[in-house]
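# Fold and geometry: a report
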Amino acid sequence: MAIAVGLAGALLLVAAATAGVVSSVFGGGGGGGCVGVARRAAYPDATHETRATTTGAMSPVCAEVPVGGWTRPVVGEAGSGFRTGDRPGHDGVDIMAARGTVVRAASGGVVVRVRCNVGGDSWEPTGEPMPCDSDGYPGLGGCGWYAEIRHPGDVVTRYCHLIRQPAVTVGEPVTAGQPIGYVGSSGNSSGPHLHYEAHEGYPATEDNAVDPIPLMRRKGVPL
């Protein structure tokens, strides 16, 4: 227990030390701090995109975040939406962006999951080549390379179909706008895009998934 308290205290100090930086760089609500290329990606119907497998390593720690410290995860055009009539199992929103576009943490918090998820299987990174290192295809199933970040209030954001292993590790504190990976097409995907999810509850599950568009709007950052 003493170790957990010490780590939480350390993260609070990190957040306090970076609050001014986050506020100045990302402008409080901060879409202006995002850098990326906005263009429509080749992404036809993805009806068969399935939910991520959620077993695996997680971190129980959540860092404090300055008020208003939210930013767009990637600059691009929002495509397929949250649980539409033709895709009731689509637990997020697809943001069209060019392959290799930087994906950023939508807010400060702690990384709680980094996984390779395809074809109904899910693995933690091994340092060796993995099935998510190449493009997927519709019907394959899974989020490909993905990461989850836990924010204050037990809000969790998930970032799927990254081009390669995320640039963050489980337990790592991140700040709003910090690069965490790059847009790709791994897993159940028909073209480069970011599948972005928001969950009001920890751990992230199908039951606590919410539409990211109104949630981000409430944070002052329209997608």
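Residues numbered from 1 in each chain as written. Predicted model: local features only at pLDDT ≥ 70, side-chain atom pairs only at ≥ 80, totals over all residues. Heavy atoms only, no water.

Below, the discussion takes up the nonpolar core. The nonpolar side chains of a soluble globular protein tend to be buried, and buried together. Ranked by internal contacts, the top residues of the largest apolar core, which has 31 residues, are W70, Y159 and Y196. Mapped by element, the contributors of at least two residues to this core are β2 (93-96), β4 (109-118), β6 (144-151), β7 (155-162), β10 (193-200) and α2 (212-218). No other element matches the four residues that β4 contributes to this core. (Core = buried A, V, L, I, M, F, W, Y, C linked by side-chain atoms within 4.5 Å. Buried < 20%, exposed > 50% of the residue type's maximum accessible area, 1.4 Å probe, protein only. Helix = DSSP H or I, 4+ residues; strand = E, 2+ residues; numbered from the N terminus.)

Time to look at the side chain of E148. Following the sequence through the fold, E148 ends up in strand β6. Judged by relative accessible area, E148 falls into the buried class, the value being 0%. At 2.5 Å, the side chain of E148 and the side chain of R158 are in polar contact. (Polar contact = N/O pair within 3.5 Å; in protein donor to acceptor, adjacent residues only side chain to side chain.)

Assignment of secondary structure puts D86 in the loop between β1 (77-78) and β2. Given the relative accessible area of 47%, D86 is considered partly exposed. Within the structure, the side chain of D86 is placed 2.8 Å from the side chain of T84, a separation counted as a polar contact.

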